[in-house]
Amino acid sequence: MNANTADAKASHANASRVPVDHAHRHSLNNEVHARPPVPMRPPMRASYLVCHTGTVGAGANRRAINELAGHFGVAPPGADDSHYVADMGPFRVKWERHTEFIGYIFIADGAPDDSFSDPAIKLAPADWLAELPGEVLLATHVALVADGGDTPDHERISRGMFAGNVLVGADIAAGAGVAMTDFHIHGDGFSRLLVVNRTMSPSQAGRNIQRLLEMDSYRMMALLAFPTARALSPLLTEREQELVEITAALAGVTEADELSLLNRLTRLQADIESRYSSNNYRFDAANAYYTLVQQRIADLREQRIPGMPTFREFTERRLAPAMDTCRAVSVRQKSLTQGVARATQLLSTRVDMERREQNQAVLESMDRRAGQQLRLQEAVETLSIVAVTYYMVGLVGFASDGINQIQPLLNTGLVKAVSIPIVASLVFVVVRRVRKRMAKLIEGL
């Protein structure tokens, strides 16, 4: 046995002694390979469809792609797959499941002269397309063409392919290709993206087209927060004004108005908290999507085409202000929530202090009444001792009179006089003991 063989066996023996794999080891390792780009060669046409499904509907989305695979007799995606690429025969399809949307890319070889008259999505079953779950958020036709060798005539391309609209584009992949679009929705309901391949390999072309499409889809997902921000802004203005009025009223509020003011503030806080809970996720998601847009643009490694705005310039000019508005509304919403909470706490503290003062006054009044009751009780006990002594001395007198009837030996008046301090002392001792026992019984309760 040579040294290499021995080392290999030792290595295998050591590997067999390592702990068991973590339950998510393989899925986490494979995450780096998720959503790989599809290699693309010119001439090629593709159609990209993004359906917004929200955070539910995963089962319906999976059934849709399974039905498409079954229609063409190919294997469907696995139960846990979040992406899927398959050759359906007439076209290739790439399916991607995201948190809030599903993306479909339909790819077909060849391209007509005008690049967009025969889109790849026409090859998919029309009835299947009509039943796709969700709502269309983005629809784009892509044309990948080979470089003709001459400098592209942007004006001619705009008139022939983009209805004369102003184009946005740049050299991508450090000059290995050109990408142009107008960011308009045309008569067929689709936007258009033209990519000219100069020296990109099929894999490189696929990666850059995927970046362009993801840039656009994440741009639209980020903008979902913009209508919410615009609708929320005037409501926040009203609530901020109401908070100002309530805060101003706090300075001179009377005890009689505190409860109504607290109820008003509580209702305001409930309304603000409800809106914050329902909208905060949308604003946080917008920031995350905007970051992804910027990353995809950076990955394009775009270079300026003279006379044409780049994707970064267009995005910063159009998307950035919308995102600034969303962030500003989000900050206002959070600030208003905190302001209402502080005002509620301030008023609640004031009400609590007044209640404590009232409780203290009640306790002091109870202490005074208890003292009065104690003095009254002591007076009653004194009277009780006197009364009991009186009756007991009377009994002693009756007893001495009875004895004198039998044997006149006792002076009844003297007996009564002598018995008074004795009886009074005995009654006093008995009352004190009963009083102490009652006090212990009350403390035990």
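Up top is the structure these notes are about.
Report on the accompanying structure. Residue numbers restart at each chain and count upward from 1, following the sequence in its written direction. In keeping with the model being predicted, local features are shown solely for residues with a pLDDT of at least 70 and side-chain atom pairs are shown and tallied solely at 80 or more, while totals for entire chains, interfaces and linings include all residues. Note: side-chain values were computed over all heavy atoms of the structure, leaving out hydrogens and water.

## Points about the overall build of the protein
Then, number 1: Each helix and strand in the protein was counted, giving 10 helices and 8 strands.
Then, number 2: Per-residue accessibility, obtained with a 1.4 Å probe over protein chains only, is compared with the maximum for each type, and a residue is labelled buried under 20%, exposed over 50%, and partly exposed between these values. By the burial criterion, 38% of the 445 residues in the protein qualify as buried.
Then, number 3: Note on contacts: a residue pair is in contact if any heavy atoms of the two residues lie within 4.5 Å. For the protein, the share of sequence-separated contacts (at least 6 apart) that also reach a separation of at least 24 residues comes to 71%.
Then, number 4: Using a 1.4 Å probe, accessible areas were evaluated by the Shrake-Rupley method; residue-level cover was limited to the displayed protein chains. Surface summary for the protein: the accessible area is close to 25,600 Å², and the carbon and sulfur share equals 57%. Going along the chain from the N terminus, every DSSP run of H or I of four or more residues is numbered as a helix, and every run of E of two or more is numbered as a strand.

## A few points about a negative patch on the surface
Then, number 1: Here a patch means residues that are over 30% exposed by relative accessible area and free of salt bridges, tied together within 9 Å if like-charged and within 5 Å if nonpolar (Val, Leu, Ile, Met, Phe, Trp, Tyr). For this analysis, a salt bridge means a side-chain nitrogen from Lys or Arg found within 4 Å of a carboxyl oxygen belonging to Asp or Glu. Counted as positive: Lys and Arg. Counted as negative: Asp and Glu, with His and the chain ends omitted from the count. We put the charge of a Lys on NZ, of an Arg on CZ, of an Asp on CG and of a Glu on CD. The grouping of Asp147, Asp150, Asp153 and Glu155 at the surface amounts to a negative patch.
Then, number 2: Tracing the backbone shows Asp150 in the loop between β5 (135-146) and α5 (154-161).

## Structural notes on unusual backbone geometry
Glycine aside, residues mostly have negative phi, and peptide bonds are mostly found in the trans state.
Then, number 1: Look at the link from Pro42 to Pro43: it is a cis peptide, with omega at -5°.
Then, number 2: Here Pro43 is to be found in the loop between α2 (25-30) and β1 (44-52).
Then, number 3: A positive phi angle is found at Ala163, which is not glycine, with a value near 55°.
Then, number 4: Tracing the backbone through its elements, the reader meets Ala163 in the loop between α5 and β6 (168-172).
Then, number 5: Using a relative accessible area of 62% as the deciding quantity, one classes Ala163 as exposed.

## What to know about the pattern of salt bridges
Then, number 1: Enumeration according to the criterion identifies 14 salt bridges in this entry.
Then, number 2: Between Glu245 and Arg264 there is a salt bridge, with the nearest N and O atoms lying 3.2 Å from each other. With Glu245 in helix α7 (residues 225-252) and Arg264 in helix α8 (residues 255-300), this residue pair connects regions lying 19 residues apart in the sequence.
Then, number 3: Using a relative accessible area of 28% as the deciding quantity, one classes Arg264 as partly exposed.
Then, number 4: Of the charged contacts, one joins Arg327 and Asp324 as a salt bridge, the two residues approaching to 2.7 Å between their closest N and O atoms. Highlighted residues: Arg327 and Asp324, both in helix α9 (residues 311-406), separated by 3 residues, approximately one helical turn.
Then, number 5: Look at the salt bridges and you will find they share partners, linking Glu238, Arg239, Asp271 and Arg275 into a network.

## Quick notes on the pairing of strand β8 (residues 191-197)
The side chains of a regular strand alternate between the sheet's two faces.
Then, number 1: Most of β8 sits out of view: 7 of its 7 residues are buried.
Then, number 2: Going residue by residue along β8, you find Ser191, Leu193, Val195 and Asn197 tucked away on one face and Arg192, Leu194 and Val196 tucked away on the opposite face as well.
Then, number 3: As defined by bridge partners, β5 adjoins β8 across 7 bridges and the pair is classed as parallel. Paired with Ala146 across the bridge in β8 is Asn197.
Then, number 4: Strand pairing is defined by DSSP finding a minimum of two bridges between the two strands. In this sheet, β8 lies alongside strand β7 (residues 177-181) in antiparallel orientation, the contact comprising 5 bridges.

## Topic: the environment of Glu135
Then, number 1: Within the secondary structure layout, Glu135 lies in strand β5.
Then, number 2: For Glu135 and Ile102, which are 33 residues apart along the polypeptide, the C-alpha to C-alpha distance reads 9.9 Å.

## As for the nonpolar core
Then, number 1: Counting 62 residues, the largest nonpolar core has Val195, Ile209, Leu212, Leu265, Phe311 and Met323 as its most contacted members.
Then, number 2: Here this core gets 13 residues from one element, more than from any other, and that element is α8.
Then, number 3: If near-sequence neighbours (up to four positions away) are discounted, Leu265 is found in contact with Leu243, Ile246, Val340, Ala343, Thr344 and Leu347.
Then, number 4: Within the second largest apolar cluster, 23 residues are counted, among which are Tyr84, Val93, Trp95 and Ala120. Take the buried residues of types Ala, Val, Leu, Ile, Met, Phe, Trp, Tyr and Cys, join any two whose side-chain atoms come within 4.5 Å, and each joined set is a nonpolar core.

## Focus: a nonpolar patch on the surface
Then, number 1: On the surface, a cluster of nonpolar side chains totalling about 400 Å² of accessible area is made up of Val388, Met392, Leu395 and Phe398.
Then, number 2: Counting through the fold element by element, Met392 comes out in helix α9.
Then, number 3: For Met392, a relative accessible area of 37% corresponds to the partly exposed category.

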